[in-house]
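# Survey of secondary and tertiary structure
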Amino acid sequence: MREAAIHGEPLIEIKHLYKSYDKKPVLKDVNLSVRRGSIMGLLGPNGAGKTTLISILTGVIRKDSGSITVGGLDLDRELKSILSKCSYVPQTLAFYPRLTASENLEYFGALWGLKGKKLKERMEFCIDKGSMQAFVNKRVDKFSGGMKRRLNLAIGLLNDPEILYLDEPTVGVDTQSRNYILETIRKINRERETTVIYTSHYMDEIERVSDDIAVIDEGKIVLHDDKQSILIRADAVLISVEQMGDAAVKNLQQIDGIQVEKDSVHVKRDGRFNENMAGVFAVFRVHEVRVKDAVFGHRTLEELFLKLTNIRLRDED
Amino acid sequence: MIKTLYILKKEFLLIIRDIHAVTVLFIMPAVFIMIMSLAMRDLFELHGTVSIDVLAVNQDTGKKSEAFLKAMEDLRTFRFHFIEKDTATDKVKEKMLSGDYKFALIIEENFSAFVEKKGKGKDEKPLELLVNPAVNVQTQLVLKSALEGKLAKLRWDAFIDRIGRLLALAGIDRKKLKAAEESPVEVNYVYKGGQYFKVPSAVQQSVPAWLVFSMFFIVIPISNTFISERGQGTLMRLKSMNVSRFSLIMGKMVPYLLINAIQVAIMIAIGVYVVPLCGGTALTLGDSLGGLILIAAAVSFSAISVALLIASVARTTEQATTIGGVLNIIFGALGGLMVPKFVMPGFMQDLANLSPMSWGLEGFLDIFLRNGGVSDVLPKSLSLVIFGIVMLTLTVILLRRQREV
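Reading guide: rules and limits
- Residues numbered from 1 in each chain as written.
- Chains lettered and ligands numbered in written order.
- Predicted model: local features only at pLDDT ≥ 70, side-chain atom pairs only at ≥ 80, totals over all residues.
- pLDDT = per-residue confidence, 0-100.
- Helix = DSSP H or I, 4+ residues; strand = E, 2+ residues; numbered from the N terminus.
- Buried ≥ 20, exposed ≤ 12 C-beta atoms within 10 Å, placed from the backbone.
- Expected span 1.5 Å × (residues − 1).
- Contact = placed C-beta atoms within 7 Å.
- Pairing = 2+ DSSP bridges.
- Axes fitted to C-alpha atoms, helices over the stretch in contact; angles between N-to-C directions.
- Core = buried A, V, L, I, M, F, W, Y, C linked by C-beta atoms within 7 Å.
- Nonpolar A, V, L, I, M, F, W, Y, C, P; charged D, E, K, R; others polar.
- Right-handed = clockwise from strand over helix to strand, strands pointing away.

## Description of the confidence of the model for chain B
Residue and element names in this part refer to chain B. Scored by pLDDT, chain B comes out at a mean of 85, with 92% of its residues at no less than 70. Within chain B, the element-level pLDDT minimum falls on strand E6 (residues 196–197), averaging 52, and the maximum on helix H14 (residues 289–313), averaging 94. Taken over the whole predicted complex, pTM reads 0.68, whereas the ipTM for its chain interfaces reads 0.75.

Put into structure tokens, the structure is as follows:
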């Protein structure tokens, strides 16, 4: 796991973040950085701490300890200034069902301090991005699930945010709307250079939309890397072994292109695969490591996620 | 300012599109005011007196009997139901029993002669009162005394007129002599707490009572919106948009203050214009617009504060509706909205003072009924505002604990 940004300048930096509810720790020593202009996919099972982390970043709740800087500004001291550059799209449909889409956009836009021509322009932009022209004057309680999700996202774009926090933005929508939302997020990221923090249960979505991926489980970041590195790690041979001693682990760590844990070794299927496999087995021989199992072939992000979080997915929604 | 306008617009749209809110805030009190003003009209207007229906036959052809009947009707205690003048006494008795009348009054044809002391029958009895034996003695006495009193006054006036010339020669004012025979007794009702109390009419009681009641029902739309905002994550979104706790609370307070103000205007208009069209008496407004605004604003502030507290305590709209509804009905029943305070026994009147609705009602009655002004409603308004501040403080503490605002 890498703690610093892989590419580009880090925009959000979280260090030693702790948060408890009623003495029950929810976030434990979270360290994470998010690159400017990237899409960070935040994966985690229910109760892992994703929403708490986003709630802290968006000023909805306060952290217990640790430091967070956004664009070099300290979250505690410069919250107002930071929030003016951010937008949060909650997992729930956070708008007024008895209002029309247009009335909702107008209301939230006004709360962002937009007015007159500027408000109209931003509303039009959001209507366009949500592809809502046909139903903009309809009451939202008449909308389908997909339309509601698009509006939820569109409201989040009103202030042209530098950072967009999306909490499970595709829950409960049909495939078409899901594709549309993912495309829109990608477009916004490319065209507006918006940094996106995206939580989802759907591995395929994260794989499709993210530049970087962080996996959070039981309040800890258990994996954080750029997508390519993670996918390469996924496309590997997994050799399960009996618990290795420190010397064996140290020797194996000398070999390039493999990742070592005490009970397993991942060997990437790259150009040096054969050479690396020979090296791994040489170390096994020297340290008398007993191989329990070896799995060859492509491992999906989901398999990796399940292994890292040591659980099954509990909520596919 | 622009933000406030959009917040107002949003809240208004949410309310007018919520049929339950419109019903509770506008239709329910309007209907209550209409029904109660008309249904309770007689009870209120005849408070302190007895409503007595009297079957009447006027066989007199002179003007004095007409003046006599008018004087009796002006007492607003008796309602005369006239039948043909040539109806025989037996027929009158029959009609009296068949029509369930307790009394029948026969004004004999010598009535005017008796009053004026001239003509045929001037020494014969001019009135015959037929009484149902089931009527209690006190009620009989009320009618008999009234008849005797008015007849005596009429005869006195006639006497004055007869000796008018002599009086003029002696330099005595005829009008003064007549006025001296008016009742020398001034009646004032003493209300618990020491102040003089004027009994309200049905509309004077109903409009403020149901107005205050409906203003407190603001709990329904406020909790609906607030709980939805909380459940749907809108509050989280607003918080992440830098909207302060103060703005959030003001965002509820200001629109609903205006909605309460609209309720006040509509309910008063119903009392003034609509109730009379249906046969009730019109609401009188008093003279103090400032006092009316003050008490209305104070009731509104306290109602909204209670509503916000309930919305914060309740987890679902059903819970809020139940808690709010029950609390309002208890406040209303206790506070003299459903049963007027002046008919309550002393200890219940003491208990009534615990209800903020009672403070509001009394404030409105100060304005509508007692011609009070700002200084009269100030103590009640202050009580309501302090009550509202306490409720609001509890709301903020609760919301902080819930980490939701």
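## A short note on unusual backbone geometry
Glycine aside, a negative phi is what most residues show, and trans is what most peptide bonds show. Phi angles above zero are rare outside glycine, and A:Ser131 is one such case at about 50°. Among the secondary structure elements, A:Ser131 is positioned in the loop between helix H4 (116–129) and helix H5 (145–156). Its identity as a non-glycine residue notwithstanding, B:Lys117 has a phi of 60°, on the positive side. The exposure class of B:Lys117 is exposed, given the 12 C-beta atoms found within 10 Å.

## Quick notes on H4(A)
Helical geometry: 3.6 residues make up each α-helical turn, so side chains three or four residues apart lie on a common side. Taking 1.5 Å of rise per residue, the 14 residues of H4(A) would be expected to cover 20 Å, and the 20 Å separating its terminal C-alpha atoms lies within 8% of that figure. Contacts made by the buried residues of H4(A) are with helix H3 (101–111), H5 and helix H6 (175–192) of chain A.

## Observations regarding the sheet that holds strand E6 (residues 86–89) of chain A
Within a sheet, adjacent strands bond to each other through the backbone by hydrogen bonds, running parallel or antiparallel. All names here are of chain A. With mixed pairing, 6 strands are arranged side by side in an open sheet as E6-E7-E8-E3-E9-E10. Bordering the open sheet on either side are E6 and strand E10 (220–226), each of which pairs with just one other strand. When strand polarity is set aside, the average angle formed by the axes of neighbouring strands in this sheet is 15°. In terms of strand pairing, strand E3 (residues 39–43) meets strand E8 (residues 195–200) through 5 bridges, oriented parallel. Looking across to E8, one finds that Met 40 is bridged to Ile 197. Contacting E3, E6, strand E7 (163–167), E8 and strand E9 (212–217), helix H1 (residues 50–57) crosses the sheet at an angle of about 150° to E7. Against the sheet, H5 engages E6 and E7, with an angle of about 165° to E6.

## Some details on the nonpolar core
Ranked by internal contacts, the top residues of the largest apolar core, which has 147 residues, are A:Tyr165, B:Val212, B:Phe216, B:Ile218, B:Val219 and B:Ala307. Top element by residues in this core is H14(B). It accounts for 15 residues. Among all residues touching B:Ala307, those that are not within four sequence positions of it are B:Ile218, B:Val219, B:Ile222, B:Ser223 and B:Gly324. Among the nonpolar cores identified, the runner-up in size contains 21 residues, and B:Leu105, B:Ile106, B:Ala113 and B:Leu143 belong to it.

## Some details on the sheet that holds strand E11 (residues 236–241) of chain A
Residues and elements named next belong to chain A. As summarised here, the arrangement of the 4 strands in space is E12-E13-E11-E14, forming an open sheet in which the pairing is antiparallel. Both outer strands of the open sheet, strand E12 (258–261) and strand E14 (291–295), are each paired with one neighbouring strand and no more. Neighbour to neighbour, the strand axes of the sheet diverge by 15° on average, direction disregarded. Direction of pairing for E12 relative to strand E13 (residues 264–268): antiparallel, over a ladder of 4 bridges. Residue pairing in the sheet places Glu 261 in a bridge with Ser 264 of E13. Here helix H10 (residues 273–287) sits on the sheet in contact with E11, E12, E13 and E14, set at roughly 160° to E13.

## What to know about the interface of chain B and chain A
At the junction of the two partners, chain B supplies 19 residues and chain A supplies 24 residues. If you list the elements that add at least two residues to the side of chain B that touches chain A, you get helix H1 (2–16) and helix H12 (234–240) of chain B. Broken down by element, the side of chain B that touches chain A gets its largest block of residues, 6 residues, from H1(B). Here the residues of the side of chain B that touches chain A sort into 7 nonpolar, 5 polar and 7 charged.

## Thoughts on the pairing of E7(A)
Residue and element names in this part refer to chain A. When you tally the buried positions in E7, you get 5 out of 5 residues, the bulk of the element. The alternating pattern of E7 places Ile 163, Tyr 165 and Asp 167 and Leu 164 and Leu 166 on opposite faces, both of which are buried. Pairing geometry for E6 and E7, over 4 bridges, is parallel. If you follow Tyr 88 over to E7, its bridge partner there is Tyr 165. Examined bridge by bridge, E7 and E8 share 5 bridges and lie parallel to one another. Within E8, the position partnered with Ile 163 by the bridge is Thr 195. As for the winding sense of the linkage, the β-α-β connection from E7 through H6 to E8 is right-handed.

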